[in-house]
Amino acid sequence: MRNRIICFLMAMLLGGLAGDRFTTADDSVGLAIREYVKAFNAKDADALRNMWAENATYMDHEFAERTDGRDDIMTAIEDVFARPESVMLSGTVDHVRMVTDSVAQVEGKVMVTVGEEDPKGTQFTAILVKSDDRWVIDSMDEFEIPQPSSSDALSQLDWMIGTWRDDSGEVLVRSTVRASDNGAFLIRSFEADDDQGGKTNSTQVIAWDPRQQTIRSWTFNADGSFGDGQWSKSGDQWLIKSTQTLSDGRSASGTYVITMRSEDEFAINLVGHEIEGVPQPSLLSEVIVRREVATTDSVSASE
């Protein structure tokens, strides 16, 4: 049933996102795609039928399922129109190429949610051809989006591996980051001086969440507080949207902003800090963290 949904959703995406890009080569291509969207939203099966080539093909490469001919494709579309579930979609058109004056190739990605199901992402390639002065969909191929392994996804944080030092505050904080044996996690250990001259330790585990397609972290502090964070990259900054349960049971939230200064230095700011929903004063200054470079003492033996 899944391929019966995607076979027209991708074409709908082409109209919603690619119309302007088509007009750079031929305005009639963009017009045809937008008309497809209009017909679909109206559930106008007759109009949709005229927008597929008679011998059109749809291929789902993930399940090795092929649908041949306009009639079978339209049967699939009408089956979807008859379903009670809602269909929500979003996506991008990555590339549009005019192969000839009468052939256009489109590549992109689509995310579709059917009813209460989890969103499913795929990538596609579509060919449109000009027939009797109008553009029709000649073929469409759908592919599974390759999922990165945990180690591949976390490789963008390889710069963190090593030992770091923060002595910009009242206490010295040293952190060490290492990869787990199989590379599926990063383990970050914190050691901080306390007021009595002793040391406290905390641990953070950083991992790739394949369900949410994002990097996440879980932190367990020496005082009994714990929290989790969702990581995202913006330019040369990492944003960590964090929620935390404090040692006294109160809830806290905020976003840590990590700004790279060099391979051996970064700055941390906490913004939007709240405790029990009450905004807290911003930190007076950012925290600067520097890499500790291991040194090797050389001892020369005397004769």
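Before any of the text, the structure's been laid out above.
What you see is a predicted model, and the numbers here were worked out from it, not measured in a lab. (Residues numbered from 1 in each chain as written. Predicted model: local features only at pLDDT ≥ 70, side-chain atom pairs only at ≥ 80, totals over all residues. Heavy atoms only, no water.)

*Asks:* In this structure, what is going on with the overall build of the protein chain? I would like to understand it.
*Replies:* In terms of helices and strands, the protein chain carries five helices and 17 strands. Scored against the burial criterion, the 303 residues of the protein chain give a buried share of 37%. Partitioning the contacts of the protein chain with sequence separation of at least 6, the portion at a separation of at least 24 is 40%. Accessible area of the protein chain: about 17200 Å², with a carbon and sulfur share of 48%. (Helix = DSSP H or I, 4+ residues; strand = E, 2+ residues; numbered from the N terminus. Buried < 20%, exposed > 50% of the residue type's maximum accessible area, 1.4 Å probe, protein only. Contact = heavy atoms within 4.5 Å. Areas by Shrake-Rupley, 256 points an atom, 1.4 Å probe, with all protein chains shown as cover.)

*Asks:* Explain the environment of Ser-242 to me, please; I cannot follow it from the model alone.
*Replies:* Relative to the elements of secondary structure, Ser-242 occurs in strand β13 (residues 237-245). Residue classification places Ser-242 among the buried residues on the basis of a relative accessible area of 14%. With 11 residues separating them in the primary sequence, Ser-242 and Trp-231 have C-alpha atoms 8.9 Å apart. Not counting chain neighbours up to four residues away, the residues in contact with Ser-242 comprise Asp-228, Gly-229, Ala-252, Ser-253, Gly-254 and Tyr-256.

*Asks:* Just to check I follow, could you spell out the environment of Thr-75 for this structure?
*Replies:* If you trace the backbone, Thr-75 turns up in helix α4 (residues 70-81). As a C-alpha pair, Thr-75 and Ala-45 span 30 residues in sequence and 9.6 Å in three-dimensional space.

*Asks:* Help me understand unusual backbone geometry, please; the structure alone is not making it clear to me.
*Replies:* The bulk of non-glycine residues show a negative phi, and the bulk of peptide bonds are trans. In this model, Ala-64 sits at a positive phi of 55 degrees, which is unusual for a non-glycine residue. Summarising the element assignment, Ala-64 is placed in the loop between β1 (52-60) and β2 (65-68). Residue Ala-64 is classed as exposed on the basis of its relative accessible area of 59%.

*Asks:* Sorry, what's going on with the packing of aromatic side chains here?
*Replies:* Aromatic ring pairs: the centre-centre distance and the angle between the two ring planes describe each pair. The tally for this structure, following the rule as stated, stands at four aromatic pairs. Judged by centre distance (5.6 Å) and plane angle (75 degrees), the ring pair of Trp-159 and Phe-266 falls under edge-to-face. In this pair, Trp-159 is assigned in the loop between α5 (150-154) and β7 (162-166) and Phe-266 in strand β15 (residues 265-275), connecting sequence segments 107 residues apart. On the basis of relative accessible area, Phe-266 is assigned to the buried category, the value being 3%. With a centroid separation of 6.1 Å and an interplanar angle of 65 degrees, the aromatic rings of Trp-231 and Trp-238 are classed as edge-to-face. The same class applies to Trp-231 as to Trp-238, namely buried. (Phe/Tyr/Trp six-rings, centres within 6.5 Å; stacked < 30°, edge-to-face > 60°.)

*Asks:* It is not clear to me how the pairing of β2 should be interpreted in this structure. Could you clarify?
*Replies:* Consecutive residues of a regular strand have side chains that alternate between opposite faces of the sheet. Relative to β2, β1 runs antiparallel, the two sharing four bridges. Among the inter-strand pairings, Thr-57 is bridged to a residue of β2, identified as Asp-68. In this structure, the hairpin formed by β1 and β2 is closed by a connection of four residues, where Ala-64 is found at a positive phi of approximately 55 degrees. (Pairing = 2+ DSSP bridges.)

*Asks:* Even after reading the chapter, I still don't get the pattern of salt bridges, so can you show me in this structure?
*Replies:* Where charged atoms from two side chains of opposite charge approach closely, those side chains can pair. Using the criterion set out here, one finds 11 salt bridges in the structure. Its salt-bridge partner being Asp-248, residue Arg-250 comes within 2.8 Å of it at the nearest N-O pair. The partner of Glu-265 in a salt bridge is Arg-290, with the nearest N and O atoms 3.1 Å apart. Placement of the pair is Glu-265 in strand β15 and Arg-290 in strand β17 (residues 287-291), with a sequence separation of 25 residues. (Salt bridge = Lys/Arg side-chain N within 4 Å of Asp/Glu carboxyl O.)

*Asks:* Sorry if this is basic, but what is going on with the nonpolar core here?
*Replies:* Note on soluble globular proteins: their nonpolar side chains tend to be buried together. Formed by 21 residues in total, the largest nonpolar core has its most connected members in Leu-48, Trp-52, Ile-73, Met-74, Ile-77, Leu-128 and Met-140. At the level of elements, α3 (45-49), β1, α4, β5 (120-131) and β6 (134-144) are the ones that each hand at least two residues to this core. Each residue touching Ile-73, except ones within four places of it in the same chain, is listed here: Trp-52, Ala-56, Thr-57, Tyr-58 and Thr-67. Counting 18 residues, the second-largest nonpolar core is a separate cluster that includes Leu-157, Trp-208, Phe-266 and Val-289. (Core = buried A, V, L, I, M, F, W, Y, C linked by side-chain atoms within 4.5 Å.)

*Asks:* Explain the pairing of strand β14 (residues 251-262) here, please?
*Replies:* Across nine bridges, β13 lies against β14 in antiparallel orientation. Looking across to β14, one finds that Leu-239 is bridged to Val-257. Between the end of β13 and the start of β14, which pair antiparallel, lie five residues, with Gly-249 showing a positive phi angle near 95 degrees. Where β14 meets β15, nine bridges bridge the pair, whose relative direction is antiparallel. Looking at β15, one finds that Ser-262 is bridged to Glu-265. Taking the residues between adjacent antiparallel strands as the criterion, β14 and β15 are bridged by two residues.

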